[in-house]
Amino acid sequence: MAFKDHFSQHANVYSRYRPSYPWAMFRWLAAQLDSVDTVWDCATGNGQAAHDWAHVARRVIATDASANQIHSAVGHPRITFRCASAEHSGLDDHSVDIVSVAQALHWFDQPAFYTEARRVLRPGGILAVWTYRLCRVSAAIDPILRTLAWETLDSYWPPERDHVENEYRGILPNWQPLATPRFDVRADWTLEQLLGYLSSWSSVQRCRRMTGHDPLAELHEPLRQLWGDGRRMVSWPLVWFVYRKPG
């Protein structure tokens, strides 16, 4: 399965405007093991999740198939960044305690990735995958975002995006899942940060390339009137799944 690179051309935008994940989620995951020595953060992008893992693991191997994404990542003494695919990590057998995939499982050859994850995980190790749906701001702003995502940009999304909207049903591994608490992704943002985030969508970038038109341009003024001054809380419903390596 060929790597479909939807993000390299705007790796800096992706790095700057994607939200961080809830810190409590990483603590909960680490607590499922007696200790966490090594984490493989697969499809790390710019390393957002990898930096959180560095607080609970001795070592983090952060890989991505996109060289531009790896080059845009911020270094950390506990993180080793590598360019590698999800299906061929280059890691040793039984060498990691946790494999994590943040907002990327839908791009993989899932059966091949699950084989690779099972190979590199130590006995009793954990696979954690998560994604998030369309963000929410307010009753007045949310319909504008829905119209942008599912009407204006509907034909510009890669087909794999449907897996996110389906909450990964049909592509998850046939492993025994763990019961998980609920978390949401949250960010205290200005309107400029929200617009930056929207510009990181692969559909926005594709629309710009194919049409020469910026689909966000006509939204600036309506959003500004509804947003007002200052900052607002933006939230994304987090959908996540955690599995223990089969015996």
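Caption draft 1: The arrangement of the packing of aromatic side chains in detail. A complete count under the given rule lists 17 aromatic pairs for this structure. Ring geometry for Y197 versus W236: centroids 5.4 Å apart, planes at 80°, classification edge-to-face. A residue pair is termed long-range when its members are at least 10 positions apart, and Y197 in helix α8 (residues 191-199) and W236 in strand β7 (residues 232-244) qualify at 39 residues. With relative accessibility at 0%, the residue W236 sits in the buried group. Joined through ring pairs, the aromatic side chains of Y21, W23, F26, W53, W130, Y132, W150, W157, W189, Y197, W201 and W236 make up one cluster.

Caption draft 2: Inspection of the environment of S66 at higher detail. As for its placement among the helices and strands, S66 is situated in the loop between β2 (59-64) and α4 (67-72). Residues S66 and P158 lie 92 residues apart in sequence; the distance between their C-alpha atoms is 17 Å. A polar atom in the side chain of S66 sits 3.1 Å from the backbone nitrogen of Q69.

Caption draft 3: Highlighting the pattern of salt bridges. The full count for this structure, using the stated rule, is 13 salt bridges. The partner of R122 in a salt bridge is D97, with the nearest N and O atoms 2.9 Å apart. Here the residue R122 occupies a position in strand β5 (residues 121-132), and D97 occupies one in strand β4 (residues 96-102), the gap between them amounting to 25 residues. Of the charged contacts, one joins R169 and E167 as a salt bridge, the two residues approaching to 3.7 Å between their closest N and O atoms. Relative accessible area serves as the criterion here: at 57%, R169 is assigned to the exposed category. With relative accessibility at 27%, the residue E167 sits in the partly exposed group. Connected through salt bridges with shared partners, the residues R133, R161, E165, E167 and R169 form a single ionic network.

Caption draft 4: Fine view of the nonpolar core. Residues L29, W130, Y197 and W201 are the most contacted members of the largest nonpolar core, which totals 56 residues. When near neighbours in sequence (up to four residues on either side) are disregarded, Y197 contacts Y17, R18, P19, Y132, C135, W189 and W236.

Caption draft 5: Broad picture of the pairing of β4. Here β4 lies mainly inside the structure; seven of its seven residues are buried. Summarising the sheet, β4 and β5 pair through six bridges and their orientation is parallel. Each residue of the ladder has a partner; that of S100, found in β5, is A128. Remark: the β4/helix α5 (residues 110-120)/β5 crossover connection has right-handed handedness.

Caption draft 6: Region of interest: empty space enclosed by the protein. A full pass over the atoms with the stated rule returns one cavity of 30 Å³ or more. Volume-wise, the largest cavity comes out at about 170 Å³. If you trace the largest cavity, you find 15 residues lining it, with R18, Q103, W157, R161 and W201 closest to the centre. Along the lines of polarity and charge, the residues of the lining of the largest cavity split into nine nonpolar, three polar and three charged.

Caption draft 7: Representation of helix α6 (residues 142-152). Among the residues of α6, D142, I144, L145, L148 and A149 are the ones counted as buried. Each element contacted by the buried residues of α6 is listed here: α8 and α10 (220-227).

Caption draft 8: Representation of the packing of α8 against α10. With their axes 11 Å apart at the nearest point, α8 and α10 run at an angle of 140° to one another. Classified by the angle their axes make, α8 and α10 are oblique. The two elements α8 and α10 cross, and the hand of that crossing is right-handed. Contacts from L191, E192, L194 and L195 in α8 reach H220, L223, R224 and W227 in α10. Residues that form the contact of α8 with α10 fall into these classes: five nonpolar, one polar and two charged.

Caption draft 9: Main features of the sheet that holds strand β1 (residues 38-42). Within the open sheet, the seven strands sit side by side as β3-β2-β1-β4-β5-β7-β6. Their pairing is mixed. One side of each edge strand has no neighbouring strand; the edge strands of this open sheet are β3 (79-83) and β6 (184-189). Direction aside, neighbouring strands of the sheet carry axes that sit 20° apart on average. Strand direction decides the pairing type here: β5 and β7, joined by seven bridges, are antiparallel. Residue I126 lies in a different strand from β7, and its bridge partner there is R244.

Calculation rules
Residues numbered from 1 in each chain as written. Predicted model: local features only at pLDDT ≥ 70, side-chain atom pairs only at ≥ 80, totals over all residues. Heavy atoms only, no water. Phe/Tyr/Trp six-rings, centres within 6.5 Å; stacked < 30°, edge-to-face > 60°. Helix = DSSP H or I, 4+ residues; strand = E, 2+ residues; numbered from the N terminus. Buried < 20%, exposed > 50% of the residue type's maximum accessible area, 1.4 Å probe, protein only. Polar contact = N/O pair within 3.5 Å; in protein donor to acceptor, adjacent residues only side chain to side chain. Salt bridge = Lys/Arg side-chain N within 4 Å of Asp/Glu carboxyl O. Core = buried A, V, L, I, M, F, W, Y, C linked by side-chain atoms within 4.5 Å. Contact = heavy atoms within 4.5 Å. Pairing = 2+ DSSP bridges. Right-handed = clockwise from strand over helix to strand, strands pointing away. 1 Å grid on protein atoms, 1.4 Å probe; cavity = no way out; pocket = protein on both sides within 12 Å on 5 of 7 lines; lining within 4 Å. Points joined across faces, edges and corners; volume = space filled by probe spheres on them. Nonpolar A, V, L, I, M, F, W, Y, C, P; charged D, E, K, R; others polar. Axes fitted to C-alpha atoms, helices over the stretch in contact; angles between N-to-C directions. Parallel < 35°, antiparallel > 145°, perpendicular 65-115°, else oblique. Left-handed = near helix turned anticlockwise from the far one by under 90°.

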